[in-house]
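# Structural features, examined
Given next are the chains, with one letter for each unit.
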Amino acid sequence: MESLRKILIATVLAGLACAVGLALWFGPRVVRSIQAARLLPGFRNFDHVEGTATLLADGRVLLAGRQAPFGPMSAEIYSPEQNAFSRAADLASPRGFTPVATLLKDGRVLIVGGSSTSHSDVETIEAYDPGTNTWKEIGRIPPEARISDALSLGNGSVLFTTGEGHKEGLLLFDPLSGGIKPVGHPAMVVNGSPLATLLADGQVLITHLDYGSDEDQAANAFLYDPNSETTKAVGRLAQGRQSHQATLLPDGRVLISGGADRAPSAEIFDPVKMTFSPAGEMVAPRALHRAVALSDGRVLIVAGVASGGTAAMPDPAVLKDKTPDEIIKIMKSIPTPKAEPLRAEAELFDPRTNKFTPVASPPAFIHGGMGPRTGVNIRVASGEVLFMSLHGPLYFVPGSNTWRFPPGK
C-alpha cells in the first residue's frame, strides 16, 4: 500500500513538473490558447497547416489543396471574425503537393497544379465561387507543365510560371474563355521554381534558379509586361535561387530572400534602375520559407529550412521521361543532407536600415512555403498576419513584434 502511495505521489509530482515546465516555456496565455485552438470547430491540425490559403473579399479565408491523403474534405473556410472553420464544397480534382492559388479580379479563387493521390500531375484549372460555394473547371494546363506560381493581373488574366524544364516558361490564362498561351522569353531557362511578383507599375518580375551548361551566361530575372504581353531579360540575380521568396516593398522595390543551392543571402531588385543589389545578411539563411510585407513596411520572414541543409535536385532532363513512381524512387535515392536547425525561426527585414533582425519565434509549428502564394500568409485588416499553424490559427502582431492565438484581441 505504501509503495502504491509513493508511486501515485511521484506521478502527480512528475505531472506538476511537466505542467510548470510547459508554462515556463510557452507562457500561461499560450498554453491556454493552444488548448482553445484544439477545440475550434473543424480544427484538424495538419489539414490546415499545408495547402493554399486565399483571403476572400469578405474577410474569410479559403483553404484548399493539401498533402496526402487529401481526404473527401478538400476545401474549408476559416472565419477570423468567428474564429471557426466550416466546410466548403469539395474540389472537383483533389490535389496536394504544392498547388498554387490566386484571387481573381471577379472575386473567385483559382487553383492550379499539384498532384493527385496517385502522384500524377493535375492538369485541370478550377475556380471557387464564394457566393455559390461551388468549384468549376475553367481550363487545363498543357501536358507536362509544372506550375510553380500563379499571379492574377489587373486586366483579369492570370500569369502562370512553369518550372522543372518545361519549355514554355510563362503561360497566360484567360479565366473567362479558358484559353491559355505561352508568353515566355527565348533566353529563359525554366529549371527550378520561378516566382512571379506584381510590381507597382503593373509589370511582373520573374525570378528563378538557372543552371546548366550556359549557366554563367543565362539571365535569371525577367520582366513581363501585361499590356504588350512581352518579356525582357533584366540581368542576373547575384546568386542562383530556388525555393526563395520575392516580396514587394512599399517603395516599389522587391526583396528576394533566401533559397536553396547557393543563396545564403538576400538582395533587392530596383525596377527604376533595373539592378539587383545586396541586402543585409539574413539572420538565418533559409529556403522554403514565408515572407510577407507588414503594414509598417517591414518584411516578416518565418519558417523554412536552413539553406545549408538542402540537397541538390537532379537535372530535369533525367526526370523528363520517367514515370511518377520512377521519379519518386530517384528522389528517394538522393542522399539526405544533415539537418541544420535555423539560427532564428523568425526575423524581420527593415528596408529603411537594410538590416535583418531576429524576432520572437512562433509558439507553434508553421509550415514553410514553396512560393509567395502557396500556403500563403494572410495580412488581415488590422495589419496582423495570419498563419495556419499546427495548433490552429496564429497571428503575428507587428506593433509589438509578438505572436498570439485567437481569441485575445
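Above this text you will find the structure in question.
Quick caveat: nothing in here was measured; it's all calculated off a predicted structure. (Residues numbered from 1 in each chain as written. Predicted model: local features only at pLDDT ≥ 70, side-chain atom pairs only at ≥ 80, totals over all residues. Heavy atoms only, no water.)

## Notes on the overall build of the protein chain
For the record, the criterion: The numbering of helices and of strands both runs from the N terminus, where a helix is a DSSP run of H or I of at least 4 residues and a strand a run of E of at least 2. Working definition: with a 1.4 Å probe on protein chains only, accessible area under 20% of the residue-type maximum means buried, over 50% means exposed, and in between means partly exposed. For this analysis, residues touch if any pair of their heavy atoms sits within 4.5 Å. Per-residue and other accessible areas follow the Shrake-Rupley method at a 1.4 Å probe size, with only the shown protein chains counted as cover for residues.
Assigned secondary structure in the protein chain consists of five helices and 30 strands. Residue burial in the protein chain is summarised as follows: out of 409 residues, 51% are buried. Restricting the contact set of the protein chain to residue pairs at least 6 apart, pairs at least 24 apart contribute 50%. Accessible surface for the protein chain amounts to roughly 18900 Å². Of this, 57% is attributable to carbon and sulfur atoms.

## Examining the nonpolar core
Operational definition: Buried Ala, Val, Leu, Ile, Met, Phe, Trp, Tyr and Cys residues form a nonpolar core when they are joined through side-chain atoms within 4.5 Å.
With 16 residues, the main nonpolar core has Leu300, Val302, Ile366, Phe387, Phe396 and Trp403 as its most contacted residues. Mapped by element, the contributors of at least two residues to this core are strand S23 (299–302), strand S25 (346–350), strand S28 (385–389) and strand S29 (392–397). Ignoring sequence-local partners within four residues, the contact set of phenylalanine 396 consists of Leu294, Leu300, Leu348, Val359, Glu384, Val385, Phe387, Asn401, Thr402 and Trp403. Leu110, Ile138, Ala145 and Ala150 belong to the second-largest nonpolar core, a separate cluster that totals 15 residues.

## Concerning the pattern of salt bridges
Oppositely charged side chains can pair when the atoms bearing their charge come close. Heads up, the condition is: Salt bridge, as used here: a side-chain nitrogen of Lys or Arg that lies within 4 Å of a carboxyl oxygen of Asp or Glu.
Overall, the coordinates contain 13 salt bridges when judged by the stated rule. Note that arginine 140 is salt-bridged to glutamate 137, the shortest N-O span being 3.6 Å. Assessed through its relative accessible area of 44%, glutamate 137 is described here as partly exposed. What emerges from the salt-bridge pattern is a single network uniting Glu123, Glu137 and Arg140.

## Concerning the sheet that holds strand S9 (residues 147–152)
What counts here: Here, a strand pair is defined by DSSP locating no fewer than two bridges between the strands. With axes taken as lines fitted to C-alpha atoms, and helix axes fitted only over the stretch in contact, angles between N-to-C directions fall between 0 and 180 degrees.
The sheet built from four strands is open, its strands ordered S9-S10-S11-S12 with antiparallel pairing. Each edge of the open sheet is held by one strand with a lone partner, namely S9 and strand S12 (180–182). Adjacent strand axes in the sheet meet at a mean angle of 25° when their direction is disregarded. Bridge analysis of S9 against strand S10 (residues 158–162) gives five bridges, and the strand direction is antiparallel. Bridge pairing in S10 links alanine 150 to phenylalanine 160.

## Description of unusual backbone geometry
At leucine 288, a position not held by glycine, the phi torsion is positive, near 55°. Secondary-structure assignment places leucine 288 in the loop between strand S21 (286–287) and strand S22 (290–293). With a relative accessible area of 26%, leucine 288 lands in the partly exposed category. Here the phi dihedral of asparagine 401 falls at roughly 55°; this positive angle occurs in a residue that is not glycine. With respect to the helices and strands, the residue asparagine 401 is situated in the loop between S29 and strand S30 (402–404). In this structure asparagine 401 comes out as partly exposed when scored by relative accessible area, which is 26%.

What is shown is where atoms sit, not what they do.
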